[in-house]
Amino acid sequence: MKKEAYFATVEDLARGGLEAIPSQMISGKHLIYSSPATLAFNSPGAEGFGVKRAGLAVPDSIMLIVAPGCCGRNTSLISSMPEYNDRFFYLMMDETDIVTGRHLKKIPKAVKEICDCCEKKPSVVMICITCVDALLGTDMERVCRKAEEKVDIPVRPCYMYALTREGRKPPMVHVRQSLYSLLEPQKKKGNVVNLLGFFSPLVDDCELYELLHQAGVKTVHEISRCRDYEEYQTMSQANFNLVLHPEARFAAEDFHDRLKIPFIELRRLYQMDKIENQYRALGQVLGVDFDQKKYKAEALEAVEQFREDCPDAVFAVGECMNGDPFELGLALVRYGFKVPEIYGTITAENFVYIRNLAKLSPNTRVFSNMEPTMLYYDPVSSGVNITIGKDAGYYHQDQPNAVWNQDRQPYGYAGVRRLFETLTATVKGEKE
Amino acid sequence: MRGLRKYLTPFAPDQSGAVSVLYELGGIIVICDAGGCTGNVCGFDEPRWFERKSAVFSAGLRDMDAILGRDDRLVDKLVDAAEKVEAGFAAIIGTPVPAVIGTDYQALKRMCEKKTELPVLTVDTDGMELYDVGERKAYVELFKGFAKEKLPVEPGRIGILGMTPQDVSDLGASDKIQEKFRAQGLTAVCYGMGDGLDEVKKASSVEKNIVVSQAALECAKYLKKTFGTPYEAGYPLADELVPDMDYAGKKVLVVHQQVIADSIRAEIRKRGEGAAVTVASWFSMDKDLLEEGDVSLRDEEDYIELAESNGFDVIFADPCMKRMTPGFDGEFVDAVHFAVSGKCR
């Protein structure tokens with residue numbers, strides 16, 4: 001037994017191509033190791049904006065989790081946050097419920113009871129169901145309609161089906177659809193845009209807001225900035241949607257089909273030339289030529305400041321952070337830094353970055369957080385002296401770590417600038 | 001409404017209890033789930049997970065695995081892990097998904113043992129019972145599987161059964177107990193929390209077992225029947241759970257797992273003559289430890305009614321239960337129970 005963590009270099013991966021990804025890097029081929037690094041990825045309700053927290057993105061909504069006790073257990077992590085206090089309720093299933101399906105009959109009554117006990121009438125009740133109901137084939141839409149009759153407010157299903165995580169519509173895709181399914185058609189306004197994709201706002205100084213204003217947009221909606229249900233409803237006045245996270249694509253398609261609002265998809269990137277190209281393309285669609293110089297210069301300055309403070313930075317980049325680890329790794333290499341290790345999950349979408357990395361940094365080693373041998377990961381010979389991501393920090397506990405997993409979403413040049421400002425602060429020993 | 005929770009998050013489920021028993025024993029622990037249950041266990045119900053690496057894995061079941069009953073894939077994955085990870089045994093822990101599809105754990109055990117040459121334990125938990133049920137099953141499986149040899153009894157060696165963070169809510173409890181016994185010239189063996197699989201194998205050599213959790217009573221009975229090892233129930237650190245105050249003549253309610261609650265009751269009686277102490281528990285209660293008036297709780301209403309209508313002067317309960325009885329004007333003593341709130345002392 002070697003007791004070594006498995007890895008492949010980006011050169012090996014690029015040579016093999018997408019069709020020859022080693023089985024160690026395919027989660028369905030092995031048991032999934034549970035490190036703190038795996039948690040958010042593997043458990044749809046566990047960390048960050050999982051299904052439960054995301055499902056409450058609609059202002060003044062509450063959630064009834066209808067599931068075996070084990071599925072709701074860790075919710076107290078979320079409900080201890082002030083903004084989620086008194087918003088989670090549970091209807092616990094037992095064996096008889098599974099056999100007879102009687103829990104479904106209890107749901108409308110339970111919804112009524114929790115609505116009656118709320119100090120303020122909720123705007124919507126989300127019913128969160130889990131793997132058990134996935135297997136039972138529960139028609140939760142129908143149950144929700146029954147519940148609506150009792151309380152006279154919208155009741156919507158929210159599927160926390162871990163079983164479907166690698167399916168066509170994983171839980172985090174589904175929940176985005178559920179959230180926007182409450183919008184009713186309204187008259188369009190040419191100067192209103194929705195940003196879809198995240199459950200918390202972009203950083204306030206993100207240039208995207210100013211660029212949209214340059215294009216004549218007056219109002220930019222994000223679900224997390226809506227103060228109440230009425231404001232949330234105004235999202236259906238948008239002229240178009242900007243999709244900032246690929247998991248919101250289905251929701252955007254729904255918008256298009258149901259509310260006739262088209263969408264444009266953008267990516268979160270850390271390579272500045274790619275950000276520039278992306279904004280240029282967006283400008284062409286909108287018929288404007290964005291002035292990006294100032295934002296780019298600020299981001300460049302932050303990169304140079306970090307280089308000055310930490311010229312010999314050697315990075316390990318993880319996937320538990322706000323970005324794609326391969327894209328960020330590639331950006332760092334292109335800025336002239338070394339990236340010997342990346343912990344990530346290979347997908348068809350990010351394989352392009354692996355190919356590019358292979359040209360610039362062929363020996364960069366890629367580890368899968370989920371592979372059983374990560375139990376034996378040893379950081380000693382890696383040469384890494386700074387890490388990005390919660391997982392990378394876990395593996396290199398003696399090195400400075402930028403967790404970079406904050407709720408406020410970094411994006412565009414502001415994301416790059418803030419990342420390097422954070423890295424500079426991290427090497428100086430300041431906390432994020 | 002039965003099963004509806006407005007104040008409390010669900011308590012630790014049986015699968016968390018089973019993992020808690022096996023966590024420190026050096027095995028490959030496979031939670032037979034899609035990922036969410038493992039997230040609950042590791043990210044919430046197993047405080048030791050944040051401190052030390054352990055071979056806890058998710059089976060990573062997907063919808064088609066469940067629909068088609070592809071147990072052979074799970075066996076292959078376990079074989080793969082057994083080739084990569086050094087372990088003394090493997091354990092497969094059930095969750096709601098295998099419960100719904102009716103997984104045959106005995107067949108899984110046989111297939112895995114045949115292919116890995118590792119001893120395999122299976123615990124048929126289903127995520128719908130509470131942690132004590134999972135612990136009970138895991139203890140019995142563990143000791144039946146590994147404590148096979150009848151060894152000579154070593155005087156002064158005391159086994160401590162039922163020590164898990166879920167039960168004692170204190171990660172330093174095993175050290176404290178061992179220290180306490182050492183001061184009396186005895187050696188305490190804390191199974192699963194401080195002491196590993198080798199000590200489980202030598203379970204027949206202890207002079208007696210002290211059972212600190214109701215969940216381990218069945219196992220203690222098994223060890224008594226098999227090796228003749230006597231046992232008694234009680235929590236050796238109960239004195240530190242009872243704050244100094246005048247308990248004489250007071251009406252006290254203690255809500256915890258039954259053995260700790262019962263030990264707190266004994267400690268209160270020692271300190272305050274005439275104290276009327278009622279024990280209540282959300283978890284299983286053994287009839288031998290019950291006193292008249294003790295209450296088994298199931299739903300939130302049961303506790304609210306008990307606390308509000310009996311005129312208690314003092315309530316010992318997990319702090320998360322405080323808000324359930326805003327009208328209670330007596331003394332509320334924080335008796336943290338990890339399986340209830342997910343918090344340690």
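Predicted, not measured: the structure shown is a model, and the values here were computed from it.

Draft legend 1. Representation of the overall build of chain B. When its secondary structure is counted, chain B shows 14 helices and 14 strands. In terms of C-alpha radius of gyration, chain B reaches 21 Å, essentially the compact-globule figure of 20 Å for 345 residues. Expressed as a percentage of contacts within chain B between residues at least 6 apart in sequence, the contacts between residues at least 24 apart total 71%. Counting every atom, chain B has about 12,800 Å² of accessible surface; 47% of that belongs to carbon and sulfur. Taking the average place of the 42 positive charges on the side chains of chain B and the average place of its 58 negative ones, the gap between the two points comes to 3 Å.

Draft legend 2. Looking closely at the overall build of chain A. A tally of regular secondary structure across chain A gives 19 helices and 15 strands. Relative to a compact globule of 432 residues, whose C-alpha radius of gyration would be 22 Å, chain A shows 23 Å and is just as compact. The C-alpha extent of chain A, read off along each of the three principal axes, is 65 × 60 × 40 Å. Contacts spanning at least 24 positions in sequence make up 73% of the contacts within chain A whose residues lie at least 6 apart. Looking at chain A as shown, the accessible area adds up to about 17,400 Å², and 49% of this sits on carbon and sulfur atoms. Put simply, chain A has 52 plus and 58 minus side-chain charges, and the middle of one group is 4 Å from the middle of the other.

Draft legend 3. Summary view of the packing of aromatic side chains. Residue and element names in this part refer to chain A. The full count for this structure, using the stated rule, is 27 aromatic pairs over all chains. Of the aromatic side chains, those joined through ring pairs into one cluster are Phe-7, Tyr-343, Phe-367, Tyr-377, Tyr-394 and Tyr-395. The ring of Phe-7 has Arg-365 lying over it, and the distance from NZ or CZ to the ring centre is 4.7 Å.

Draft legend 4. Here's a closer look at the pairing of strand β2 (residues 28-31) of chain B. Residues and elements named next belong to chain B. Burial along β2 is two-sided: the residues Ile-28 and Val-30 and Ile-29 and Ile-31 are all buried. In the sheet, β2 pairs with strand β4 (residues 90-93) via 4 bridges, with the strands oriented parallel. By the bridge assignment, Ile-31 is partnered in β4 with Ile-93. As judged from the 3 bridges shared by β2 and strand β3 (residues 56-58), these two strands associate in the parallel manner. Bridging from a neighbouring strand, Ile-31 pairs with Ser-58 of β3.

Draft legend 5. Structural detail: helix α11 (residues 207-214) of chain A. Residue and element names in this part refer to chain A. Every buried residue of α11 is accounted for by Glu-207, Leu-208, Tyr-209, Leu-211 and Leu-212. Contact partners of the buried residues in α11: β7 (192-196), β8 (219-221), β9 (240-243), α14 (272-286), α15 (293-309) and α19 (412-427). Positive backbone phi, approximately 95 degrees, marks Gly-216, located one or two places after α11.

Draft legend 6. Region of the structure containing the interface of chain A and chain B. With 60 residues of chain A at the contact, the number on the chain B side is 64 residues. The junction of chain A with chain B conceals about 4,900 Å² of combined surface from both sides, 63% of it contributed by carbon and sulfur atoms. For the interface between chain A and chain B, the tally reads 5 salt bridges. Here Arg-323 of chain B ties to Asp-86 of chain A by a salt bridge, and the two come within 3.0 Å at their closest N and O atoms. In this structure, the connection of chain A to chain B is made through 22 residue pairs in polar contact (both at pLDDT 80 or more). The set of elements that each furnish at least two residues to the side of chain A that touches chain B consists of β2 (32-33), α2 (36-42), α4 (69-72), α5 (76-79), β4 (88-92), α6 (95-100), α7 (103-117) and α8 (131-136) of chain A. Broken down by element, the side of chain A that touches chain B gets its largest block of residues, 6 residues, from α7 of chain A. As defined by bridge partners, β4 of chain A adjoins strand β1 (residues 4-5) of chain B across 2 bridges and the pair is classed as antiparallel.

Draft legend 7. Main features of the confidence of the model for chain B. Residues at a pLDDT of 70 or more form 100% of chain B, whose mean pLDDT is 96. Scored by ipTM, the complex comes to 0.94, with pTM at 0.93.

Draft legend 8. How the structure looks around the sheet that holds strand β12 (residues 295-296) of chain B. All names here are of chain B. One open sheet accounts for 5 strands, arranged β12-β11-β10-β13-β14; its pairing is parallel. Each edge of the open sheet is held by one strand with a lone partner, namely β12 and β14 (331-334). Bridge count for strand β11 (residues 276-281) against β12 is 2 bridges, and the pairing is parallel. Bridging across to β12, Ser-281 finds its partner in Ser-296. Of the strands in this sheet, β10 (251-255), β11 and β13 (314-317) are in contact with helix α12 (residues 258-271), which crosses β11 at around 170 degrees.

Draft legend 9. Highlighting the sheet that holds strand β15 (residues 401-402) of chain A. All names here are of chain A. If you trace the 6 strands from one edge of the open sheet to the other, you get β1-β13-β12-β11-β14-β15, paired in mixed fashion. What marks the edges here is a single partner per strand, and that holds for β1 (8-9) and β15. Two elements, β1 and strand β13 (residues 365-367), share 2 bridges in a ladder whose sense is antiparallel. Note on β13: the bridge partner recorded for Ala-8 is Val-366.

Draft legend 10. Structural view of a nonpolar patch on the surface. Residue and element names in this part refer to chain B. A cluster of nonpolar residues, Met-64, Ile-67 and Leu-68, forms a patch on the protein surface that exposes about 300 Å² of accessible area. Considering the arrangement of structural elements, one finds Leu-68 in helix α3 (residues 63-68). Since its relative accessible area comes to 53%, Leu-68 is described here as exposed.

Draft legend 11. Representation of the nonpolar core in the model. With 83 residues, the main nonpolar core has Tyr-180 and Tyr-232 of chain A together with Leu-22, Ile-93, Leu-142, Phe-143 and Leu-161 of chain B as its most contacted residues. The dominant element in this core, judged by the number of residues it contributes, is helix α11 (residues 217-227) of chain B, at 6 residues. Beyond its immediate chain neighbours, meaning those up to four positions away, Leu-142 of chain B contacts Val-21, Leu-22, Leu-25, Leu-121, Ala-147, Leu-197 and Val-200 of chain B.

Draft legend 12. How the structure looks around the packing of helix α16 (residues 325-334) of chain A against helix α17 (residues 351-360) of chain A. Residue and element names in this part refer to chain A. Contact geometry of α16 with α17 gives a least axis separation of 9 Å together with a crossing angle of 30 degrees. By the angle class used here, α16 and α17 are roughly parallel. Handedness of the crossing formed by α16 with α17: left-handed. Touching Phe-326, Glu-327, Gly-329, Leu-330, Val-333 and Arg-334 of α16 are Tyr-353, Ile-354, Asn-356, Leu-357 and Leu-360, all from α17.

Each value, and the rule that gives it
Residues numbered from 1 in each chain as written. Chains lettered and ligands numbered in written order. Predicted model: local features only at pLDDT ≥ 70, side-chain atom pairs only at ≥ 80, totals over all residues. Heavy atoms only, no water. Helix = DSSP H or I, 4+ residues; strand = E, 2+ residues; numbered from the N terminus. Rg over C-alpha atoms; globule rule 2.2 N^0.38 Å. Contact = heavy atoms within 4.5 Å. Areas by Shrake-Rupley, 256 points an atom, 1.4 Å probe, with all protein chains shown as cover. Lys, Arg positive; Asp, Glu negative; His and termini not counted. Charge placed at Lys NZ, Arg CZ, Asp CG, Glu CD. Phe/Tyr/Trp six-rings, centres within 6.5 Å; stacked < 30°, edge-to-face > 60°. Lys NZ or Arg CZ within 6 Å of the ring centre and 35° of its normal. Buried < 20%, exposed > 50% of the residue type's maximum accessible area, 1.4 Å probe, protein only. Pairing = 2+ DSSP bridges. Buried area = accessible area lost by both parts, 1.4 Å probe. Salt bridge = Lys/Arg side-chain N within 4 Å of Asp/Glu carboxyl O. Polar contact = N/O pair within 3.5 Å; in protein donor to acceptor, adjacent residues only side chain to side chain. pLDDT = per-residue confidence, 0-100. Axes fitted to C-alpha atoms, helices over the stretch in contact; angles between N-to-C directions. Patch = residues over 30% accessible without salt bridge, like charges linked within 9 Å, V, L, I, M, F, W, Y side chains within 5 Å. Core = buried A, V, L, I, M, F, W, Y, C linked by side-chain atoms within 4.5 Å. Parallel < 35°, antiparallel > 145°, perpendicular 65-115°, else oblique. Left-handed = near helix turned anticlockwise from the far one by under 90°.

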